[in-house]
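Working through the structure, step by step
Here's the letter readout for the chains.
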Amino acid sequence: MTTMLETRELSKSFSAAPGLLARLRGRAPQTVYAVNRVSLSIAEGEVLGLVGESGCGKSTVGRMVAGLLPPTSGSMELAGRGVERPGVAQHRLVQMVFQNPYASLNPRLRIEQLVGEAALYHGIVAPEDGPDFVRSLLSQVGLDASYAARYPRQFSGGQRQRIAIARALALRPRLIVCDEAVSALDVSVQAQILNLFMDLREAQQLTYLFISHNLAVVEHIADRVAVMYLGQIVELADTAELFARPNHPYTQALTADAPRMDGPAIQHRPIQGELPSPLKRPGGCAFHPRCPHAMPRCAEQAPAFIEIAPRHWSACHLNEVRA
Ligand code: SF4
């Protein structure tokens, strides 16, 4: 199976400037480790779900994969080629669909410009073929070709997200990063857009990195799921395995009483406390202040990310105790 994306120890840190008072007291800028040594691979045609609470770093991973943010360290390969720095080649291979279809479309441009402009710029389509090209993309995402002359304000949220998807498809990407791409939509519209993603995957052999805090959506669409906590992957498994046997206490808490698209909710102890600030990342296992199973070593030593069952990886000292 061809590997579409491989990241190795991908990291992103930001410098956080102190407030005025702190600066007057001579405090130096602090470093925020938003993403810390994330290694992931996605096979061609696969859907990898990336889940975690808001602020855990999953969107930052998506932006680095899409070339919208340069990594601080680590490396990345797309379709077998190393990516040295964000550039045109990466943007052609990877496109991103964002959460808010109201903010992501320029209200002053007609749909034909919004969808076709980048393809014209990159020479993917000749100017005389532009109108047909846009009409074809609109029909691929289930919209009437006559909509090309309209403006974004004339569409509903679900239709706007279809337009955003058509725009992403215009560059003929092989990997699409969906960052909370259905979170702002009504439940019935969510299902339609998820079905569209799956139809496009079949028709165009697309690969997806599907970022969401909504576990029901991820369970529905993903082949495998990676769980992120404070910038690190703490568990990775095939979707059915992860939901049937969540191993990491964080995954167990995250999936507690999560609504399911089908079947009953899974029962685990609900998660305690707030996600700590990345500026004050706890030592050892970063989850230890919230973990109901924390042991003294958890505050001192980071657990290794180990394969606990075929294709099922987790980072928790409890697995070493059990072994
Ligand atoms: Fe909890 Fe310790 Fe496992 Fe971290 S390593 S998840 S604190 S038991």
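See the structure printed just above.
Residues numbered from 1 in each chain as written. Predicted model: local features only at pLDDT ≥ 70, side-chain atom pairs only at ≥ 80, totals over all residues. Heavy atoms only, no water.

**Some details on the overall build of the protein chain**
For the protein chain, the count of helices and strands is 11 helices and 12 strands. By the compact-globule yardstick of 20 Å for 323 residues, the protein chain fits well, its C-alpha radius of gyration being 21 Å. Along the first, second and third principal axes, the C-alpha atoms of the protein chain reach 70 × 55 × 35 Å. Here the protein chain holds 323 residues, and the buried ones make up 48% of them. Counting only contacts in the protein chain whose residues sit at least 6 apart along the sequence, the fraction spanning at least 24 positions is 66%. Roughly 15,600 Å² of accessible area belongs to the protein chain as shown, and the carbon and sulfur atoms make up 50% of that amount. (Helix = DSSP H or I, 4+ residues; strand = E, 2+ residues; numbered from the N terminus. Rg over C-alpha atoms; globule rule 2.2 N^0.38 Å. Buried < 20%, exposed > 50% of the residue type's maximum accessible area, 1.4 Å probe, protein only. Contact = heavy atoms within 4.5 Å. Areas by Shrake-Rupley, 256 points an atom, 1.4 Å probe, with all protein chains shown as cover.)

**Describing the site of the ligand**
Contacts to the ligand come from 13 residues, most closely from C285, C291, C298, C316 and H317. Class assignment for the residues of the shell around the ligand results in nine nonpolar, four polar and no charged. (Near = heavy atom within 4 Å. Nonpolar A, V, L, I, M, F, W, Y, C, P; charged D, E, K, R; others polar.)

**Considering the packing of helix α4 (residues 111-121) against helix α6 (residues 157-169)**
At a closest axis distance of 7 Å, the pairing of α4 and α6 adopts a crossing angle of 25 degrees. The angle between α4 and α6 places the two elements in the roughly parallel class. For the pair formed by α4 and α6, the contact residues are I111, L114 and V115 on the first element and I163, A166 and R167 on the second. Its residues assigned to classes, the contact of α4 with α6 comprises five nonpolar, no polar and one charged. (Axes fitted to C-alpha atoms, helices over the stretch in contact; angles between N-to-C directions. Parallel < 35°, antiparallel > 145°, perpendicular 65-115°, else oblique.)

**Thoughts on the sheet that holds strand β2 (residues 30-43)**
As summarised here, the arrangement of the four strands in space is β2-β1-β4-β5, forming an open sheet in which the pairing is antiparallel. Strands at the two margins of the open sheet, each flanked by one partner only, are β2 and β5 (81-82). Relative to β2, strand β1 (residues 3-16) is paired through 10 bridges, and the arrangement is antiparallel. In the sheet register, E6 faces β2, and the bridge partner there is S41. Across the sheet, helix α2 (residues 58-65) is in contact with β1, β2 and β4 (73-78); its angle to β1 comes to roughly 120 degrees. (Pairing = 2+ DSSP bridges.)

**Some remarks on the side chain of K12**
Tracing the backbone shows K12 in strand β1. When neighbours within four sequence positions are excluded, K12 is seen to be in contact with V32, Y33, A34, V35, T60, M64, L69, P70, P71 and T72.

**Digging into unusual backbone geometry**
The residue R172 is not glycine, and still its phi comes out positive at about 50 degrees. Locating R172 in the fold gives a position in the loop between α6 and β7 (175-179). Looking at R172, the relative accessible area reads 55%, which means it is exposed. In this model, Q205 sits at a positive phi of 50 degrees, which is unusual for a non-glycine residue. In this fold, Q205 is placed in the loop between α7 (187-204) and β8 (207-211).

**Examining the packing of α4 against helix α5 (residues 130-140)**
Between α4 and α5, whose axes approach to 9 Å, the crossing angle comes to 110 degrees. Viewed along their axes, α4 and α5 adopt a mutual orientation that is roughly perpendicular. In this structure, α4 uses I111, E112, V115, G116 and A119 to contact α5, whose residues at the interface are F133, V134, L137 and L138. Among the residues forming the contact of α4 with α5, the class breakdown is seven nonpolar, one polar and one charged.

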